[in-house]
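In case you want the letters, here they are:
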Amino acid sequence: MSGNPDEDERLQKLREQKMQELQDKAGQQGGGRDEAAQEAARERAEAQQDALLKQHLTDGARQRLNAVEMSKPEFAEKVKKQVTALAQSGRLQDRIDEDQMKSLLKELQPESKSFNIRRR
């Protein structure tokens, strides 16, 4: 590493100590380790999804999706998953612009029920 055998040995001992401390800490937490692992996996998936969205959406499309997310977070999550799936499968050739995002939102929008109220 650095060429100095004493320094290399000292660094190796420090690494081993740190690894042992981390293992001891993980062992003490027990059940919390699974929750932490799930949380870390969820955060990694979110980060990957955000990166794909930034790569495949124009600024206007991202702004439109963010506006939808403010009013309908569940619907926006559904749209994000759909765009991510399209990107991962390679079916997106270009970036999605605002007009394409509008049409995608219309396609994925759940059918609204209309009510006719007639007075007699």
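- The name an unreviewed UniProt entry assigns to the protein is DNA-binding protein DWB78_10195, from the organism Halopelagius longus.
- Within the UniProt record for the protein, the comment given under Sequence similarities (unreviewed entry) is "Belongs to the PDCD5 family."

1. Re helix H3 (residues 59-71)
Then, in step 1: In this model H3 runs 19 Å from its N-terminal to its C-terminal C-alpha over 13 residues, within 8% of the 18 Å that 1.5 Å per residue would give.
Then, in step 2: Within H3, the full set of buried residues consists of Ala61, Leu65 and Val68. Down the axis of H3, the sector holding all buried residues measures 60°, keeping them to one side. Seen from the open side of H3, the exposed residues pointing more than 90 degrees away from its buried face are Gln63, Met70 and Ser71.
Then, in step 3: Close packing links the buried residues of H3 with helix H4 (73-89) and helix H5 (98-108).

2. Observations concerning the pattern of salt bridges
Then, in step 1: Using the criterion set out here, one finds 5 salt bridges in the structure.
Then, in step 2: For arginine 62, the salt bridge goes to aspartate 59, with nearest N and O atoms at 2.6 Å. Here arginine 62 and its partner aspartate 59 are both found in helix H3, 3 residues apart, which amounts to about one turn of the helix.
Then, in step 3: Relative accessible area serves as the criterion here: at 24%, arginine 62 is assigned to the partly exposed category.
Then, in step 4: Residues joined by salt bridges that share partners form a network here, namely Glu39, Arg42 and Glu46.

3. A short note on the packing of H3 against H4
Then, in step 1: It is at 6 Å that the axes of H3 and H4 come closest, and there the two elements cross at 140°. Facing Leu65, Val68, Glu69 and Ser71 of H3, the residues of H4 in contact are Pro73, Phe75, Ala76, Val79 and Lys80.
Then, in step 2: Of the residues that constitute the contact of H3 with H4, the class distribution is 6 nonpolar, 1 polar and 2 charged.

4. Some points on the confidence of the model for the protein
Then, in step 1: Mean pLDDT for the protein: 83, with 89% of residues reaching 70 or above.
Then, in step 2: Across the protein, the element-wise mean pLDDT spans from 76 in helix H1 (residues 5-29) up to 93 in H3.

5. Concerning the nonpolar core
Then, in step 1: Counting residues in each nonpolar core, the largest one holds 18 residues, and the members touching the most others are Leu57, Val79, Val83 and Met101.
Then, in step 2: Elements with a contribution of two residues or more to this core: helix H2 (32-56), H3, H4 and H5.
Then, in step 3: If near-sequence neighbours (up to four positions away) are discounted, valine 83 is found in contact with Leu53, Leu57, Leu92, Ile96 and Leu104.

6. A look at the packing of H4 against H5
Then, in step 1: H5 packs onto H4 with a crossing angle of 115° between their chain directions and a minimal axis gap of 11 Å. Taken together, H4 and H5 sit at an angle that is classed as roughly perpendicular. Both H4 and H5 take part in a crossing whose hand is right-handed. Side by side, H4 and H5 meet where Phe75, Lys78, Val79, Gln82 and Val83 of the first sit next to Met101, Leu104, Leu105 and Leu108 of the second.

Criteria and cut-off values
- Residues numbered from 1 in each chain as written.
- Predicted model: local features only at pLDDT ≥ 70, side-chain atom pairs only at ≥ 80, totals over all residues.
- Heavy atoms only, no water.
- UniProt positions renumbered as here; feature names shortened; annotations may be inferred.
- Helix = DSSP H or I, 4+ residues; strand = E, 2+ residues; numbered from the N terminus.
- Expected span 1.5 Å × (residues − 1).
- Buried < 20%, exposed > 50% of the residue type's maximum accessible area, 1.4 Å probe, protein only.
- Arc of directions from axis to C-beta.
- Contact = heavy atoms within 4.5 Å.
- Salt bridge = Lys/Arg side-chain N within 4 Å of Asp/Glu carboxyl O.
- Axes fitted to C-alpha atoms, helices over the stretch in contact; angles between N-to-C directions.
- Nonpolar A, V, L, I, M, F, W, Y, C, P; charged D, E, K, R; others polar.
- pLDDT = per-residue confidence, 0-100.
- Core = buried A, V, L, I, M, F, W, Y, C linked by side-chain atoms within 4.5 Å.
- Parallel < 35°, antiparallel > 145°, perpendicular 65-115°, else oblique.
- Left-handed = near helix turned anticlockwise from the far one by under 90°.

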